[in-house]
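Each chain, written out:
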Amino acid sequence: MKRMIVGLFCVLALAVTAHAGGSWERVQQAGKLVIGLDDAFAPMGYRLEDGTLVGFDIDAAEALGKRIGIAIEWHPTAWDGVIHSLNSGKFDCIWNGMTITEARAEQVNFTEPYIMDGQVVVVRFNENRFASYQDLGGMVIGVQKGSSALNAVAKLPNAPKEVREYVDNPKALLDLESGRLDAVIIDNVVGRDAISKRIGKYKTLKGFITKEPFGVAFRKADVSLRDRVQAELDAMVADGSLGRISEKWFGENIVDKAAW
């Protein structure tokens with residue numbers, strides 16, 4: 001009996017050691033990095049009508065995989081349980097515009113931010129009345145109902161004349177384009193996605209009202225894997241390849257930390 005218990009203990013110890021000893025080596029040997037995502041989050045990762053998975057995060061991860069010699073396998077999952085799914089071993093990381101928060105950082109190991117998200121102000125492309133957020137005082141502002149933009153309104157230096165709530169951002173942007181609004185407060189990546197699809201119609205004012213950094217999340221034990229991905233992300237920023245992916249999806253380089 002003792003021998004059985006000791007033998008079982010040794011097997012378990014070896015398994016734990018193998019798992020904890022080299023997360024990058026484990027992925028390298030498997031030849032693939034399995035990534036969890038919500039596949040309905042445009043423009044970070046979403047499906048076209050034919051089912052093709054596209055988006056900024058898709059292109060960035062696929063490019064990184066080629067650089068380090070591994071395949072990328074996407075694992076769509078429910079977002080409300082995505083951290084639990086990561087920690088239960090269903091995939092190797094979460095790469096899907098995940099905001100870095102203190103609460104999440106207690107459960108997972110994040111890379112450094114690769115995009116700064118948050119609430120920004122979109123105005124008409126030919127608008128020249130607003131040099132800064134202070135100039136929005138007394139203006140008519142549009143926001144998506146129930147979104148973080150509504151809370152961001154309270155952080156403006158001067159109160160707007162009116163805040164109009166919309167079912168979704170596209171409707172607010174149409175009213176902006178037609179002149180029924182002076183500005184729209186919107187999520188940074190969503191706003192820049194809209195700008196890239198309608199060149200010459202909109203632009204953002206400089207800076208953020210609120211900041212919400214995006215990071216890639218790993219299990220706490222997977223330090224070597226996180227560090228390997230971080231090193232390659234840094235290289236992609238340095239050589240401009242991540243910036244070019246950003247320009248494809250957002251019409252400009254929003255991975256440049258100097259602009260945050």
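Our structure's up above, just so we're on the same page.
Attention here is on the structure that accompanies the text. Owing to the predicted nature of the structure, the values given are computational and were not obtained by experimental measurement.

## Notes on the overall build of the protein chain
The number of helices and strands found in the protein chain is ten helices and 13 strands. The principal-axis extent of the C-alpha atoms belonging to the protein chain is close to 80 × 35 × 35 Å. Per element, the accessible surface of the protein chain, about 13,100 Å² overall, is 54% carbon and sulfur. Across the protein chain, the centroid of the 31 positively charged side chains sits 1 Å from that of the 34 negatively charged ones.

## Digging into the side chain of Asn-169
Locating Asn-169 in the fold gives a position in helix 7 (residues 169-178). Sequence-distant contacts of Asn-169, that is, excluding residues within four places in its chain, are made with Gln-144, Ile-186 and Val-190.

## Side note on the packing of helix 3 (residues 56-68) against helix 9 (residues 223-238)
Two numbers describe how helix 3 lies on helix 9: the axes approach to 10 Å, and their chain directions differ by 105 degrees. Considered as vectors, helix 3 and helix 9 are oriented roughly perpendicular to each other. Here Ala-60, Ala-63, Leu-64, Arg-67 and Ile-68 of helix 3 lie close against helix 9, whose contacting residues are Arg-228, Val-229, Glu-232, Leu-233, Ala-235 and Met-236. When the residues that make up the contact of helix 3 with helix 9 are grouped by side-chain class, the tally is eight nonpolar, no polar and three charged.

## Describing the nonpolar core
Membership of the largest hydrophobic core comes to 36 residues, with the highest contact counts inside it found for Phe-56, Trp-95 and Ile-115. The biggest single contributor to this core is helix 3, with six residues. Sequence-distant contacts of Ile-115, that is, excluding residues within four places in its chain, are made with Met-44, Phe-56, Val-189, Glu-212, Pro-213, Phe-214, Phe-250, Ile-254, Val-255 and Trp-260. Judged by nonpolar contacts, the second largest core, of 32 residues, contains Phe-130, Leu-136, Ile-186 and Phe-208.

## Looking at helix 7
Inspection of helix 7 places Asn-169, Ala-172, Leu-173, Asp-175 and Leu-176 among the buried residues, and these make up the whole buried set. Down the axis of helix 7, the sector holding all buried residues measures 160 degrees, keeping them to one side. Residues of helix 7 that are exposed and point more than 90 degrees away from the buried face comprise Pro-170 and Leu-174. Next to the buried residues of helix 7 lie strand 8 (115-124), strand 9 (140-144), strand 10 (162-166), strand 11 (183-187), helix 8 (188-197) and strand 12 (202-204). In this structure Asp-168 caps helix 7, since a side-chain oxygen of it lies 3.1 Å from the backbone nitrogen of Lys-171.

## Some thoughts on the pairing of strand 1 (residues 32-37)
For strand 1, the buried fraction is high: five of the six residues fall into the buried class. In this sheet, strand 6 (residues 93-99) lies alongside strand 1 in parallel orientation, the contact comprising two bridges. Bridge pairing in strand 6 places Ile-35 opposite Cys-93.

## Quick look at the packing of aromatic side chains
If you walk through the whole model with that rule in mind, you get four aromatic pairs. Aromatic side chains Tyr-46 and Trp-249 sit 6.3 Å apart centroid to centroid with 80 degrees between the ring planes, which places their arrangement in the edge-to-face category. Here Tyr-46 is found in strand 3 (residues 45-47), whereas its partner Trp-249 is found in helix 10 (residues 241-250), with 203 residues between them in sequence. This pair shows no difference in class: Tyr-46 is buried, exactly as Trp-249 is. Seen from their ring centres, Phe-56 and Tyr-114 are 6.3 Å apart, and the 5 degrees between their planes marks the pair as stacked. On the criterion of sequence distance, the pair formed by Phe-56 in helix 3 and Tyr-114 in the loop between strand 7 (109-110) and strand 8 is long-range, its members being 58 residues apart. One residue, Arg-228, lies across the ring of Trp-24, its end atom 5.5 Å from the ring centre.

## As for the environment of Val-121
If you trace the backbone, Val-121 turns up in strand 8. Relative accessible area serves as the criterion here: at 1%, Val-121 is assigned to the buried category. When the C-alpha positions of Val-121 and Val-223 are compared, they lie 37 Å apart, and in sequence the two are 102 residues distant.

Procedures and definitions
- Residues numbered from 1 in each chain as written.
- Predicted model: local features only at pLDDT ≥ 70, side-chain atom pairs only at ≥ 80, totals over all residues.
- Heavy atoms only, no water.
- Helix = DSSP H or I, 4+ residues; strand = E, 2+ residues; numbered from the N terminus.
- Areas by Shrake-Rupley, 256 points an atom, 1.4 Å probe, with all protein chains shown as cover.
- Lys, Arg positive; Asp, Glu negative; His and termini not counted.
- Charge placed at Lys NZ, Arg CZ, Asp CG, Glu CD.
- Contact = heavy atoms within 4.5 Å.
- Axes fitted to C-alpha atoms, helices over the stretch in contact; angles between N-to-C directions.
- Parallel < 35°, antiparallel > 145°, perpendicular 65-115°, else oblique.
- Nonpolar A, V, L, I, M, F, W, Y, C, P; charged D, E, K, R; others polar.
- Core = buried A, V, L, I, M, F, W, Y, C linked by side-chain atoms within 4.5 Å.
- Buried < 20%, exposed > 50% of the residue type's maximum accessible area, 1.4 Å probe, protein only.
- Arc of directions from axis to C-beta.
- Polar contact = N/O pair within 3.5 Å; in protein donor to acceptor, adjacent residues only side chain to side chain.
- Pairing = 2+ DSSP bridges.
- Phe/Tyr/Trp six-rings, centres within 6.5 Å; stacked < 30°, edge-to-face > 60°.
- Lys NZ or Arg CZ within 6 Å of the ring centre and 35° of its normal.

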